[in-house]
Amino acid sequence: MNVKADVTAADDDRVAEPLHGSANGSSWGADRRESPPRPDVRRRPSRGYAALDLGTNNCRLLIAEPAHFGFRVVDAFSRIVRLGEGLGLGNRLSDDAIGRTIDALRVCREKMISKDVRRARLVATEACRLAENGPAFIDRVRNELDLELEIVDRKTEAYLAVTGCASLVDPKAHSVIVFDIGGGSTEIAWLDGQAPHAFADPCKRIRAWDSLPVGVVTLAERHGGIDVTPETFEGMVEEVSELLLDFALVAAQAGRAHNFHLLGTSGTVTTVGGIHLGLARYDRRRVDGMWMRNGEISTVMQRLLHSDFSQRAENPCIGKDRADLVLAGCAILEAIRRAFPSERLRIADRGLREGILMNMMREDSVWRGGGQR
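These figures come from a predicted structure and were not determined experimentally.

### Considering the pairing of strand E5 (residues 70–80)
Point 1. Two strands pair when backbone bridges link them, and strand E4 (residues 58–67) and E5 are joined in this way by 10 bridges, in the antiparallel orientation. Bridge pairing in E5 links Leu61 to Phe77.
Point 2. Connecting the antiparallel pair E4 and E5 is a turn made up of 2 residues, with Phe69 showing a positive phi of about 55°.

### Overview of the pattern of salt bridges
Point 1. Under the criterion given, the structure shown has 28 salt bridges.
Point 2. Among the ionic pairs, Arg344 bridges to Asp170, the shortest N-O distance being 3.1 Å. With Arg344 in strand E13 (residues 344–348) and Asp170 in the loop between helix H5 (154–165) and strand E8 (175–181), this pair connects stretches of sequence that are 174 residues apart.
Point 3. With a relative accessible area of 13%, Asp170 lands in the buried category.
Point 4. One salt bridge in this structure joins Asp288 and Arg350, with 2.7 Å as the shortest N-O distance. Residue Asp288 is located in the loop between helix H9 (284–287) and strand E12 (291–293), and its partner Arg350 is located in the loop between E13 and helix H13 (352–363); the two are separated by 62 residues in the primary sequence. Just as Asp288 is buried, Arg350 falls in that class too.
Point 5. Through salt bridges with shared partners, a single ionic network connects Arg118, Arg119, Glu363 and Asp364.

### A closer look at the nonpolar core
Point 1. Core analysis: the largest hydrophobic core is formed by 53 residues, its most contacted members being Ile177, Phe179, Phe233, Phe247 and Phe340.
Point 2. When residues in this core are grouped by element, the largest group, 9 residues, is from helix H12 (residues 326–339).
Point 3. Those residues within four positions of Phe179 in sequence are excluded, and the remaining contacts are Glu187, Ile188, Leu262, Leu263, Gly264, Thr265, Val269, Leu333, Ile336 and Leu345.
Point 4. Val81, Leu105, Ala127 and Val141 belong to the second largest nonpolar core, which has 31 residues in total.

### Regarding the side chain of Arg344
Point 1. In this structure Arg344 comes out as buried when scored by relative accessible area, which is 18%.
Point 2. Those residues within four positions of Arg344 in sequence are excluded, and the remaining contacts are Asp170, Asn259, Phe260, His261, Leu262, Trp291, Met292 and Arg293.

### A short note on the confidence of the model for the protein chain
Point 1. Here the protein chain shows a mean pLDDT of 88. Residues at 70 or above account for 86%.
Point 2. Low pLDDT, under 50, characterises residues 6–27; the predicted model gives this stretch 79 contacts beyond four residues in sequence or across chains.
Point 3. Low pLDDT, under 50, characterises residues 30–42; the predicted model gives this stretch 6 contacts beyond four residues in sequence or across chains.

### Considering the pairing of strand E10 (residues 206–212)
Point 1. Burial runs high along E10: 6 of the 7 residues are buried.
Point 2. Note: strand E9 (residues 186–192) against E10, 6 bridges, orientation antiparallel. Of the residues in E10, the one forming a bridge with Thr186 is Leu212.

### Focus: unusual backbone geometry
Glycine aside, negative phi is the norm for most residues, and most peptide bonds take the trans geometry.
Point 1. Even without being a glycine, Asp116 presents a positive backbone phi close to 55°.
Point 2. If you trace the backbone, Asp116 turns up in the loop between helix H2 (95–114) and strand E6 (117–124).
Point 3. By relative accessible area, Asp116 is classed as partly exposed at 23%.
Point 4. For Ser365, which is not glycine, the phi dihedral falls at a positive 55°.
Point 5. Position of Ser365 relative to the elements: it lies in the segment after H13.

### Overview of H12
An α-helical segment advances 3.6 residues per turn. Residues three or four places apart therefore align on the same side.
Point 1. With 14 residues, H12 should reach 20 Å at 1.5 Å per residue; the first-to-last C-alpha distance of 20 Å fits that figure.
Point 2. Judged by how many residues are buried, H12 sits mostly within the fold: 12 of 14 residues are covered.
Point 3. Val326, Leu327, Ala328, Gly329, Cys330, Ala331, Ile332, Leu333, Glu334, Ala335, Ile336 and Arg337 are the residues of H12 that are buried.

### What to know about the packing of helix H6 (residues 216–223) against helix H7 (residues 230–250)
Helix packing for two helices is described by the angle between their axes and how far apart those axes are.
Point 1. At a closest axis distance of 11 Å, the pairing of H6 and H7 adopts a crossing angle of 130°. Judged on the interaxial angle alone, H7 and H6 are oblique. Crossing geometry of H6 relative to H7 is assigned as right-handed. Within the contact between the two elements, H6 uses Leu219, Arg222 and His223 and H7 uses Thr232, Gly235, Met236, Glu239 and Val240.
Point 2. Looking at the contact of H6 with H7 residue by residue, the class counts come to 3 nonpolar, 3 polar and 2 charged.

Parameters at a glance
- Residues numbered from 1 in each chain as written.
- Predicted model: local features only at pLDDT ≥ 70, side-chain atom pairs only at ≥ 80, totals over all residues.
- Heavy atoms only, no water.
- Pairing = 2+ DSSP bridges.
- Helix = DSSP H or I, 4+ residues; strand = E, 2+ residues; numbered from the N terminus.
- Salt bridge = Lys/Arg side-chain N within 4 Å of Asp/Glu carboxyl O.
- Buried < 20%, exposed > 50% of the residue type's maximum accessible area, 1.4 Å probe, protein only.
- Core = buried A, V, L, I, M, F, W, Y, C linked by side-chain atoms within 4.5 Å.
- Contact = heavy atoms within 4.5 Å.
- pLDDT = per-residue confidence, 0-100.
- Expected span 1.5 Å × (residues − 1).
- Axes fitted to C-alpha atoms, helices over the stretch in contact; angles between N-to-C directions.
- Parallel < 35°, antiparallel > 145°, perpendicular 65-115°, else oblique.
- Left-handed = near helix turned anticlockwise from the far one by under 90°.
- Nonpolar A, V, L, I, M, F, W, Y, C, P; charged D, E, K, R; others polar.

What follows is the structure in structure tokens.
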């Protein structure tokens with residue numbers, strides 16, 4: 001595995017800060033590109049943007065409008081589809097997984113139509129990158145739903161994740177390890193140096209990045225996710241640690257910088273945060289942006305490791321659909337913690353979708369002159 005280093009790196013009330021990125025947005029339906037509707041002077045022109053992240057485990061949609069120095073979410077959708085089910089042991093998307101995903105994408109399409117979305121970017125990640133029938137699945141989505149899914153490469157995914165959550169980096173930190181634990185892959189990046197100002201492009205601080213070919217779904221399928229013993233858990237940690245070794249060597253200096261900390265964006269870290277808070281129901285407003293100390297993370301992990309499947313399924317921050325995946329995610333988190341010891345972890349309930357939205361709005365200059373156009 002070769003680590004990629006950039007050594008010259010120069011709910012309705014939800015708001016995110018604009019950051020600059022590198023991705024290009026696109027129209028989301030062929031018919032919308034060819035025949036734009038006639039404007040209705042009685043209606044306010046559409047200002048809607050949409051970002052869709054089709055991962056190995058989840059299908060997530062975010063629809064937003066530009067706001068002062070950020071955006072306002074007007075609709076959102078998330079469904080566990082497990083598109084990559086079985087990819088830990090094979091190389092094809094199953095018919096059942098494709099069917100579940102098509103159903104979820106149909107809901108997303110209707111939401112984009114109802115919100116009169118004018119520009120969108122719909123991306124697919126590791127499951128479609130790995131599966132030999134990934135291109136055929138993309139064609140089927142285009143033919144049945146008239147949606148243009150884009151299979152993004154690993155670098156794009158890593159940079160979008162950084163762009164989407166970098167506003168949560170401690171402004172006093174001179175070094176940060178940012179990671180996104182997905183269903184089929186884990187993206188990790190080293191942000192080196194202090195941000196010059198709040199709206200600086202975080203991608204210019206990326207000194208090194210990598211995309212590990214392991215996620216919660218693939219790791220759980222290989223090791224088992226229902227009955228997880230301490231020995232099984234340690235085996236998962238060791239597998240991830242080996243995959244992480246090259247990046248850890250390149251970014252070995254990260255932890256020595258002033259105010260170093262970890263920044264994680266994924267269902268794993270938000271779940272750990274929710275459990276730590278003892279939430280009776282997951283609440284994004286309380287979890288997004290929260291800090292956890294090293295010992296607090298270890299306490300939650302030990303609690304999960306000594307819980308059986310039914311106990312994990314009954315936890316309101318986990319649920320039965322993710323009870324077999326949460327310990328695989330914790331194993332990936334543990335491997336990162338061992339490679340980059342830190343007393344602080346900041347948790348982000350934001351990431352790739354937010355990065356996509358920020359990029360499209362930045363490209364359209366919606367914040368030109370310090371505000372909206």
